[in-house]
Amino acid sequence: MDYRYQMPVQNDPRWMLVWQERRGAGRAVNTASWLTLGSISVTAVVQVLLAFSLPAGASMSLQYLGDCVGYLLLALVPILYVCFCGRPTEEFLPFRRPAQAGLSGRDMLFLYVFGMGLMLACNLPVSLVEALEQVFGFSGEIPNMPLDHTAFTQVLYFLYGTLIPPLVEEVLFRGAVLGCLRRWGNWFAIVVSALLFGLYHGNVAQFVFAVLIGILFGYLRVRTESILPCIVLHMFNNGMASVGALLQENMGQTVQQQFTIAYFVICFVAAVAAVVVRLAVEGKGSMKKLRIPADRMLTSQWQRMRGMATTAGGLLMLLYGVGSSIYVLMQSR
């Protein structure tokens, strides 16, 4: 299916087509923002209900069990939108085979390996942001989830950190959000969905990381015509962080640091090797195969993105992201 913008009437004056394009893109941004705000609201309501329903002094295992159920409910908003928006489910939650997107098994292997390297490289600007926060008197630390030595708690911690968030967040951001934006350009949808993904996290360091990997996941979603690669890489990223935290809790910080260094080195070396092998075996032309075709739009990317600052949903998402980030910074003093 071709998701590129189709001009409604060929003889309309150009200015009318430009106006329709801007208005349509703005409405899409507004819808995508409200989808994100709705999901955030569901999470907040569930957290409040859990805070009142759990008994005083409830175990950490019970708290994590409640959090797992609550996070799963976040998927209600995007799923309801996909079911009742009147458009094919395939536009929002595609699971196409690589061949259907013009990709071979080797292409997919390359995208996975190189994607892992790029995903880890996104930590470098995050380290710079954390260092700048420390210069201005903040701790520069991202709030961590609590953990203890109880086996059941650690299982739930891994489940909550590794499996549930990637599944739910990809359904929301690379599914419903990107799907409702895509009619107005592939890269427009990728960038706006990544910005909303960053604002959703509500703190400066995670905003930077989430935007960068959001662009990577958005690219994979559009190029492969499948949401599955995004889910797999997202789970890999969260899984490595969860394993590191579990190693630190059970074996100490030294073991955790050795593990982190090892998987960083392995992934970076594998990514570089994947590029070298692909260029040596298939030549420079093989990279063109992985490009996303340019969108034939009448307006620029920035003109279409104005909805982030000119629509009610876009403004509320900006206020949420900025307000939450300031609150987290103040808490880290």
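Placed above this text is the structure.
The structure displayed is predicted, hence computed values, not measured ones.

Peer 1: Summarise the side chain of Arg-304; cite the residues concerned and give the values.
Peer 2: Relative to the helices and strands, Arg-304 resides in helix α12 (residues 301-304). One buried charged residue, Arg-304, forms no salt bridge at all, with the nearest opposite charge on Glu-21 at 4.3 Å. At 3.1 Å, the side chain of Arg-304 and the backbone oxygen of Thr-299 are in polar contact.

Peer 1: Kindly report on the pattern of salt bridges, identifying the contributing residues and their values.
Peer 2: Under the counting rule described, the total for this entry stands at 8 salt bridges. Ionic pairing is found between Glu-170 and Arg-174, a salt bridge with its closest N-O pair at 2.8 Å. Taken together, the residues span about one helical turn, with Glu-170 and Arg-174 both in helix α6 (residues 151-181) at a distance of 4 residues. For the pair formed by Glu-170 and Arg-174, the shared burial category is buried. For Arg-221, the salt bridge is made with Glu-225, and the minimal N-O distance between the two is 4.0 Å. Both residues of the pair, Arg-221 and Glu-225, count as buried. Via salt bridges that share partners, Asp-107, Arg-278 and Lys-289 belong to a single interconnected network.

Peer 1: I'd like a rundown of the packing of aromatic side chains, residues and numbers included.
Peer 2: Two numbers describe a pair of aromatic rings. These are the distance of the centres and the angle of the planes. Summed over the entire model, instances satisfying the criterion amount to 8 aromatic pairs. Between Tyr-71 and Tyr-160, the aromatic rings sit 5.8 Å apart at their centres with planes inclined by 80 degrees, giving edge-to-face as the arrangement. Here Tyr-160 lies in helix α6 and Tyr-71 lies in helix α2 (residues 60-73), a separation of 89 residues in the sequence. By relative accessible area, Tyr-71 is classed as buried at 12%. Through successive ring pairs, a cluster of aromatic residues spans Phe-259, Tyr-263, Phe-264 and Phe-268. In this arrangement the basic side chain of Arg-174 is found over the ring face of Phe-197, its NZ or CZ atom lying 4.4 Å from the centre. Of note, Arg-278 hangs over the ring of Phe-110, and the distance from its end group to the ring centre comes to 5.0 Å.

Parameters and conventions
- Residues numbered from 1 in each chain as written.
- Predicted model: local features only at pLDDT ≥ 70, side-chain atom pairs only at ≥ 80, totals over all residues.
- Heavy atoms only, no water.
- Helix = DSSP H or I, 4+ residues; strand = E, 2+ residues; numbered from the N terminus.
- Buried < 20%, exposed > 50% of the residue type's maximum accessible area, 1.4 Å probe, protein only.
- Lys, Arg positive; Asp, Glu negative; His and termini not counted.
- Salt bridge = Lys/Arg side-chain N within 4 Å of Asp/Glu carboxyl O.
- Polar contact = N/O pair within 3.5 Å; in protein donor to acceptor, adjacent residues only side chain to side chain.
- Phe/Tyr/Trp six-rings, centres within 6.5 Å; stacked < 30°, edge-to-face > 60°.
- Lys NZ or Arg CZ within 6 Å of the ring centre and 35° of its normal.

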